[in-house]
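The lines below spell out each chain.
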Amino acid sequence: MPCEVKPHFVILYGSQKGQAKSIAEGIAEEAEGHGLVAELSCLNQTEKYNLEKENAPVVFIVSTTGDGEPPDNTLQFVRHIKKKSLAPDHYKHLCYALLALGDTNYANFCNCGKTIDRRLQELGAKQFYMTGYADDGVGLEVVVDPWLEGLWKAIKEALSKMASDQTAHLKGVLEDSAKETPDLSLLDVQLNLLSLTDDQNCGSVKSTVGTDSKNAPAASSSVSAIQTAVSDRRPASPAGGVGMSSESGYVARISASAAETQTRDTGGSHVLLEGSLTCSLPPLSESSLNVPALPPPYLDVSLEDVVSVGQIDGPLNKETLHEVPLSRAVQLTRQDSVKITLLLELDISAYPEIVYQPGDSFDVFCPNNASEVDKMLHRLGLEDKKNHCVRVSLKKDTKKKGAHVPPYIPQNISLIYLLTWCLEIRSVPKKAFLRALVEHTGDGVQRRRLQELCSKQGAADYNQYVRDPSLSILELLTAFPSCSPPLTLLIEHLPKLQSRPYSAASSHLRHPGKLHFVFNVVQLAACSGRPAGSRGLCTGWLFDLINPSLVFPRKAESSSSPALPKIYMSLRANCSFRPPADLSVPFVMVGPGTGVAPFIGFLQQREKERQENPEAGFGETWLFFGCRHRDRDYLFREELEGFESNGTLSHLKVCFSRDDQEEGTTLAVRPRYVQHNLLLHSQRITDILLKQNGYLYVCGDAKNMAKDVNDTLLEMIKTEIQVDQLEAMKRLAKLREEKRYLQDIWG
Ligand code: FAD
């Protein structure tokens, strides 16, 4: 009797913010539909997998965080595979595929994935499917979707190959040893594998007949082959509701009802509508849709009216945080500046354990906006239950692989605490969430639009109306009034409320017992779905928190207001973004706008060091700063000019992107942005980096500035030492490796 063993494969993920995890979980959920068993683990769950002995295909989904670092839950794994003591054939038995997530706005794109990939190959592992590099800067799905589409075929081929290799190996062993009884169970499993692959191939060939090739995406002919048209008027049943097997997560093909979405009946006459969050235009509105599989529910949530429900104030794990008073607030920009930039001072004198160095950053824990929490309660119809205790447990019969109650939802908390301190209710809903919302939307037009936004065909609309404007779930629900999701769905799909990091903008040598930081009050522009615009969560909260009487524009007087507001914070680990330990080494700082923050700390420290060691030889210091207008948003102007005049700062190079012609320069050569100023000093800067062992620090906006500076550095190296692009890239990569080109960027 052949034994009924389903072929299995392993999925391992390393995730910082949950994106890699949710992709890994999606693959695990899809596996059964492909006749496969997936074993899903996080890379730090070493008790659940054993790569040293694994002979099934392994799929890695890993993201990259910070300055090219592995996610926290992947550090140990990366450390392990980097060990020099591992033999070059350590993983020769291993067959793997890897999907790397990253963001090209940051340095070291997909560095963690690349490191794992390289190291596995150095240790003899074989790739069974090309590595995918997904870029959050342009939308992960651009790479993730086609990569997932091809993955299943690749896994099946890998399984077949591994099976036939094993058969051949076994045959060889049998012949060699002339044994009489082969291992039947092994052969049975292999037969099972091969027939499974054959069956599925036949299935897709057969069903390709009759596919509408015009609407089918090029890369997925076999995908569209198994899709069936379902009306958007009929609520989709679980997993597409048509009882078919799924390919690559897209299980239902939804036919369009163009008239519904393109025009709206206005008493006899039809009015043509513009495309928006809630309204699509042809061809999308007329297109058949490939929508993702419905994520299986995995939580049971109930609300209980109990007396002893947990307190409502303060973040999770607040016993591990510091509650620190704000002792000063200074507005650094003039009233007519485009952005409001504030400097806040934390009084840490009561906390001797908070020891920070210039270059360090710390986390601020802020609650969700109270009025948004109220609106959410209202939207869920749960206002009268806001003080009820939330009981969350795992659904017993859930089909979700690796399901667990999110660790950031503690026991015995009230509903209002959950929405205020645990869930990121501002987070941008992922496509899986939109897919789940479809099931709770009554109106056919709205349902169709939600299907479009999560479909493959609607990817551009999703980016334009949801992802790029950072639309929140509340904004989405407001735009889709017939959508009434249960609380359970929110808990299943909303991530943990994240702390916001800020860079220290002071040195404790200059300001003992104090910690400064600087930020712009983020303004989210008005858009379809957010008619009035809004402020960033943390920066808006900080802005509201400070007593306006504490704010003295451009004055550094301290205030002794009796009721100083407090915030929860904790220091973050930093190992490299520090001024050079050797004081004689020159260094260059590039920090436009609020990116200047850590360099204020660097320079305050350097100033003190110079005062204390007047005889010592100090390396040159350069600062490239930029802002819009000299008179409106030149942050720390007096302090920076003071550093330059007392010699702490050897060269202060400032440019103003919106001021008219500067004195002594013609418009043609006037540097507009920091990179233009770098170019003007190309030879000196390249010398510092390539000949004098100097350091370069870049801080601030990740979206444009850091990239432009990097490109400019390449140009400078090419010109100054007369090398080609490749060689220039190698030189920069070497600087990074030596931790002499360091970035602290955000945005
Ligand atoms: P959110 O509500 O989180 O933002 C909503 C949306 O606004 C985001 O999705 C994004 O699209 C956009 N957004 C986020 N940040 C910005 C921004 N800075 N400008 C424009 N749009 C933005 N910020 C500082 O101002 N000063 C610092 O010293 C500083 N140091 C940091 C250090 C590190 C290591 C990191 C990772 C980030 C740092 N940041 C700093 C960024 C900071 O943590 C927040 O992201 C920022 O203040 C916005 O938070 P928010 O809650 O107000 O906005």
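Residues numbered from 1 in each chain as written. Predicted model: local features only at pLDDT ≥ 70, side-chain atom pairs only at ≥ 80, totals over all residues. Heavy atoms only, no water.

1. Observations concerning the overall build of the protein
Argument step 1. Counting secondary structure elements, the protein contains 21 helices and 27 strands.
Argument step 2. Considering the protein as a whole, with its 747 residues, one finds that 51% of them fall into the buried category.
Argument step 3. In the protein, 78% of the contacts between residues at least 6 apart in sequence involve partners at least 24 apart. (Helix = DSSP H or I, 4+ residues; strand = E, 2+ residues; numbered from the N terminus. Buried < 20%, exposed > 50% of the residue type's maximum accessible area, 1.4 Å probe, protein only. Contact = heavy atoms within 4.5 Å.)

2. Focus on the confidence of the model for the protein
Argument step 1. Scored by pLDDT, the protein comes out at a mean of 83, with 81% of its residues at no less than 70.
Argument step 2. The element-level mean pLDDT for the protein is lowest in helix 6 (residues 221-225), coming to 26, with strand 23 (residues 587-590) highest at 98.
Argument step 3. Confidence drops under a pLDDT of 50 for residues 177-250, and excluding neighbours within four residues, the segment shows 123 contacts in the predicted structure.
Argument step 4. Below pLDDT 50 for its whole length, residues 552-559 participates in 20 contacts with residues either more than four positions away or in separate chains. (pLDDT = per-residue confidence, 0-100.)

3. A few points about the packing of aromatic side chains
Argument step 1. Evaluation of the coordinates by the stated rule reveals 19 aromatic pairs.
Argument step 2. Centre to centre, the rings of F517 and F519 are 5.8 Å apart; their planes meet at 25 degrees, and the pair counts as stacked. Both residues of the pair, F517 and F519, belong to the buried class.
Argument step 3. Aromatic ring contacts, followed pair by pair, group F577, F587, F599, F602, Y695 and Y697 into a single cluster. (Phe/Tyr/Trp six-rings, centres within 6.5 Å; stacked < 30°, edge-to-face > 60°.)

4. What to know about the sheet that holds strand 18 (residues 500-503)
Argument step 1. Ordered by their spatial adjacency, 6 strands build an open sheet running 18-15-22-13-14-19, and the pairing between neighbours is antiparallel. A single partner strand is all that each edge strand has here, and the edge strands are strand 18 and strand 19 (514-520). Across the sheet, the axes of successive neighbouring strands diverge by a mean angle of 40 degrees, strand direction being ignored. (Pairing = 2+ DSSP bridges. Axes fitted to C-alpha atoms, helices over the stretch in contact; angles between N-to-C directions.)

5. Overview of the environment of F362
Argument step 1. Considering the arrangement of structural elements, one finds F362 in strand 15 (residues 361-365).
Argument step 2. Overall, F362 belongs to the buried group, its relative accessible area being 0%.
Argument step 3. For the pair formed by F362 and S499, sequence separation is 137 residues and the distance between their alpha carbons is 9.3 Å.

6. Details of the packing of helix 10 (residues 431-438) against helix 11 (residues 444-454)
Argument step 1. Contact geometry of helix 10 with helix 11 gives a least axis separation of 8 Å together with a crossing angle of 160 degrees. By the criterion of interaxial angle, the relationship of helix 10 to helix 11 is roughly antiparallel. Between helix 10 and helix 11 the crossing geometry is left-handed. Along the contact surface, helix 10 presents K431, L434, R435, L437 and V438, while helix 11 presents R447, L450, Q451, L453 and C454.
Argument step 2. The residue inventory of the contact of helix 10 with helix 11, partitioned by class, reads 6 nonpolar, 1 polar and 3 charged. (Parallel < 35°, antiparallel > 145°, perpendicular 65-115°, else oblique. Left-handed = near helix turned anticlockwise from the far one by under 90°. Nonpolar A, V, L, I, M, F, W, Y, C, P; charged D, E, K, R; others polar.)

7. Section: the pairing of strand 16 (residues 389-394)
Consecutive residues of a regular strand have side chains that alternate between opposite faces of the sheet.
Argument step 1. One ladder, built from 6 bridges, connects strand 12 (residues 299-304) with strand 16; its direction is antiparallel. Bridge assignment links E304 to a residue of strand 16, and that residue is C389.
Argument step 2. Of the pairings in the sheet, the one linking strand 16 to strand 17 (residues 413-414) comprises 2 bridges and is antiparallel in character. Along strand 17, the bridge assignment pairs C389 with S414.

8. A word on the pattern of salt bridges
Side chains that differ in charge, positive against negative, can pair when their charged atoms come close.
Argument step 1. Summed over all chains, the structure comprises 36 salt bridges.
Argument step 2. With a shortest N-O distance of 2.7 Å, R578 and D360 are connected by a salt bridge. Remark: D360 occurs in the loop between strand 14 (341-347) and strand 15 and R578 occurs in the loop between strand 22 (566-571) and strand 23; sequence separation between them is 218 residues.
Argument step 3. With a relative accessible area of 28%, R578 lands in the partly exposed category. (Salt bridge = Lys/Arg side-chain N within 4 Å of Asp/Glu carboxyl O.)

9. Quick look at the side chain of S472
Argument step 1. Mapped onto the elements of the fold, S472 is located in the loop between helix 12 (459-467) and helix 13 (473-479).
Argument step 2. For S472, a relative accessible area of 3% translates into the label buried.
Argument step 3. Once you skip the residues sitting within four places of it in the chain, S472 turns out to touch I425, R426, S427 and P429.

10. Some words on the site of the ligand
Argument step 1. The environment of the ligand is made up of 17 residues, and the closest members are R500, P501, Y502, C538 and T539.
Argument step 2. The separation between an oxygen atom of the ligand and a polar side-chain atom of S470 is 3.2 Å.
Argument step 3. Here V518 contributes a backbone N or O atom positioned 2.8 Å from a nitrogen atom of the ligand.
Argument step 4. For the ligand, the protein covers 75% of the area, taking 900 Å² as the surface of the free molecule.
Argument step 5. Mapped onto the shell around the ligand, the elements with two or more residues apiece are strand 18, strand 19, helix 15 (537-545) and strand 27 (741-746).
Argument step 6. Broken down by element, the shell around the ligand gets its largest block of residues, 4 residues, from strand 18.
Argument step 7. Looking at side-chain class alone, the shell around the ligand contains 9 nonpolar, 5 polar and 3 charged residues. (Near = heavy atom within 4 Å. Polar contact = N/O pair within 3.5 Å; in protein donor to acceptor, adjacent residues only side chain to side chain. Areas by Shrake-Rupley, 256 points an atom, 1.4 Å probe, with all protein chains shown as cover.)

11. Notes on the side chain of D461
Argument step 1. Of note, D461 is situated in helix 12.
Argument step 2. Filtering out sequence-adjacent residues up to four positions away, D461 remains in contact with S280, L284, R449, L453 and V466.

12. What to know about unusual backbone geometry
Argument step 1. Looking along the chain, the bond that leaves P282 and enters P283 is cis, with omega of 5 degrees.
Argument step 2. Here P283 is to be found in the loop between strand 10 (269-272) and strand 11 (289-292).
Argument step 3. A positive phi angle, close to 55 degrees, is found at C110, a residue other than glycine.
Argument step 4. Assignment of secondary structure puts C110 in the loop between strand 4 (95-102) and helix 3 (111-122).
Argument step 5. C110 gets classed as buried once you look at its relative accessible area, which sits at 1%.
Argument step 6. Within the chain, N693 stands out as a residue other than glycine whose phi angle is a positive 60 degrees.

13. Some words on the sheet that holds strand 26 (residues 695-701)
Argument step 1. Overall, parallel pairing links the 5 strands, which are arranged 25-24-23-26-27 in an open sheet. Single-partner strands in this sheet number two, and they are strand 25 (651-656) and strand 27. Going from strand to strand, the sheet's axes swing by 10 degrees on average, the running direction of each strand aside.
Argument step 2. The strands touched by helix 19 (residues 682-690) are strand 23, strand 24 (621-627), strand 25 and strand 26; relative to strand 24, the strand with the most contacts, the crossing angle is about 130 degrees.

14. What about the pairing of strand 14?
Argument step 1. Burial of strand 14 is extensive: 6 of the 7 residues sit out of reach of the surface.
Argument step 2. In terms of strand pairing, strand 13 (residues 322-331) meets strand 14 through 5 bridges, oriented antiparallel. Opposite V330, over in strand 14, you have L343 as the bridge partner.
Argument step 3. Pairing geometry for strand 14 and strand 19, over 7 bridges, is antiparallel. For L342, the partnering residue across the bridge sits in strand 19 and is F519.

15. Examining the nonpolar core
Argument step 1. Within the largest apolar cluster, 51 residues are counted, with the highest numbers of intra-cluster contacts made by M376, L418, L423, L437, L476 and I491.
Argument step 2. Here L418 is in contact with V390, I409, I413, L423, L487 and I491, once residues within four sequence places are set aside.
Argument step 3. If you look at the next biggest cluster of nonpolar residues, it comprises 33 residues, including I11, I61, L151 and I155. (Core = buried A, V, L, I, M, F, W, Y, C linked by side-chain atoms within 4.5 Å.)

16. Focus on helix 19
Argument step 1. Within helix 19, the full set of buried residues consists of S682, I685, T686, I688 and L689. For helix 19, the angular spread of buried residues about the axis comes to 160 degrees, placing them on one side.
Argument step 2. The elements touched by buried residues of helix 19 are strand 23, strand 24, helix 18 (674-680), strand 26, helix 20 (705-721) and helix 21 (725-737). (Arc of directions from axis to C-beta.)

17. Looking at the packing of helix 16 (residues 597-612) against helix 17 (residues 637-645)
Argument step 1. Viewed as axis vectors pointing N to C, helix 16 and helix 17 meet at an angle of 40 degrees, and their least axial separation amounts to 11 Å. Considering their axes alone, helix 16 and helix 17 lie oblique with respect to each other. Where helix 16 crosses over helix 17, the handedness of that crossing is left-handed. The segment helix 16 lies against helix 17, with I600, L603, Q604 and E607 engaging E639, L640 and F643.
Argument step 2. Taken together, the residues that form the contact of helix 16 with helix 17 break down as 4 nonpolar, 1 polar and 2 charged.

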